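Each chain, letter by letter, is given below.
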Amino acid sequence: MLAAQIEIILLITGLATAGAVALFVAPVTTMKILFGQAPHDALSLLIARHWGLLVCLVGALLIYSAYHAEIRVPTLIVAIAEKAAFALGMFISPFRRRPAVLVMALADASMAAMYLMYLTGL
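A short tour of the structure in this document, coming up.

Parameters and conventions
Residues numbered from 1 in each chain as written. Predicted model: local features only at pLDDT ≥ 70, side-chain atom pairs only at ≥ 80, totals over all residues. Heavy atoms only, no water. Phe/Tyr/Trp six-rings, centres within 6.5 Å; stacked < 30°, edge-to-face > 60°. Helix = DSSP H or I, 4+ residues; strand = E, 2+ residues; numbered from the N terminus. Buried < 20%, exposed > 50% of the residue type's maximum accessible area, 1.4 Å probe, protein only. Salt bridge = Lys/Arg side-chain N within 4 Å of Asp/Glu carboxyl O. Core = buried A, V, L, I, M, F, W, Y, C linked by side-chain atoms within 4.5 Å. Contact = heavy atoms within 4.5 Å. 1 Å grid on protein atoms, 1.4 Å probe; cavity = no way out; pocket = protein on both sides within 12 Å on 5 of 7 lines; lining within 4 Å. Points joined across faces, edges and corners; volume = space filled by probe spheres on them. Nonpolar A, V, L, I, M, F, W, Y, C, P; charged D, E, K, R; others polar. Patch = residues over 30% accessible without salt bridge, like charges linked within 9 Å, V, L, I, M, F, W, Y side chains within 5 Å. Areas by Shrake-Rupley, 256 points an atom, 1.4 Å probe, with all protein chains shown as cover.

### Overview of the packing of aromatic side chains
Under the criterion given, the structure shown has two aromatic pairs. Relative to Phe95, the ring of Phe35 has its centre 5.4 Å away and its plane inclined at 80°; by these criteria the two rings are edge-to-face. Separated by 60 residues along the polypeptide, Phe35 in helix H3 (residues 27-35) and Phe95 in the loop between helix H5 (72-91) and helix H6 (99-120) bring together distant segments of the chain. Overall, the relative accessible area of 26% leaves Phe95 in the partly exposed class.

### Quick look at the pattern of salt bridges
Taken as a whole and assessed by the stated rule, the structure comprises three salt bridges. One salt bridge in this structure joins Lys83 and Glu82, with 3.9 Å as the shortest N-O distance. On the accessibility criterion, Lys83 (1% relative accessible area) is buried. Three or more residues are tied together by salt bridges with common partners; here these are Glu82, Lys83 and Asp108.

### Description of the nonpolar core
One finds Leu2, Ile6, Ile9, Leu10, Val58, Leu62, Ala66, Leu76, Ala79, Ile80, Met111 and Tyr115 forming the largest nonpolar core, which totals twelve residues. Going through the elements one at a time, helix H1 (2-18), helix H4 (42-67), H5 and H6 are the ones with two or more residues in this core. With four residues, H1 is the largest single contributor of residues to this core. Ignoring anything within four residues of it in the chain, the contact list for Ile80 reads Ala112, Tyr115, Leu116 and Leu119. Ranked by size, the runner-up nonpolar core spans nine residues in total, among them Leu23, Met31, Phe35 and Ala105.

### A short note on the layout of surface pockets
The probe, sized like a water molecule, is rolled over the atoms to show the empty space still left. Estimates place the volume of the largest pocket at around 300 Å³. In terms of lining, the largest pocket is formed by 18 residues, of which the most central are Ala16, Thr17, Ala20, Val55 and Met104. If you list the elements that add at least two residues to the lining of the largest pocket, you get H1, helix H2 (21-25), H3, H4, H5 and H6. In terms of residue count, H6 provides more of the lining of the largest pocket than any other element does, five residues in total. When its residues are assigned to classes, the lining of the largest pocket shows twelve nonpolar, three polar and three charged. Within this model, the second largest pocket holds a volume of roughly 220 Å³. Going through the elements one at a time, H3, H4 and H5 are the ones with two or more residues in the lining of the second largest pocket. If you tally residues by element for the lining of the second largest pocket, the top one is H4, at four residues.

### A look at a nonpolar patch on the surface
On the surface, Val21, Phe24, Val25, Leu53, Leu54 and Leu57 cluster together into a nonpolar patch covering about 480 Å² of accessible area. Those elements giving two or more residues to the nonpolar patch turn out to be H2 and H4. Within the secondary structure, Leu53 is located in helix H4.

Remember that the coordinates give geometry; whether it matters functionally is a separate question.
Have a look at this one:
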């Protein structure tokens, strides 16, 4: 079932993931909206921007893999690791009480589960 719809799944989830570009472009505003706190020093700002760029690039790879099956397996392995780590980190942090963070964590956990199901043929 997933195999028949994987291209559209990768396109939609890739676009959602690539939305992290907002963190790269406007880290202070984005962090304040999502987490209720903004980076306060140069190092925190650098790490937030870098994280936003890396997540955006994972989204770009997901979009690309929707049209290029030959890179799908390694892309999904990277995406599963990134999304599972983010979801787990958010679920065990105090930020899980923030609605936006909970939605992002649940979405990433769901995406990781879908990708894993696709890779295992379930």
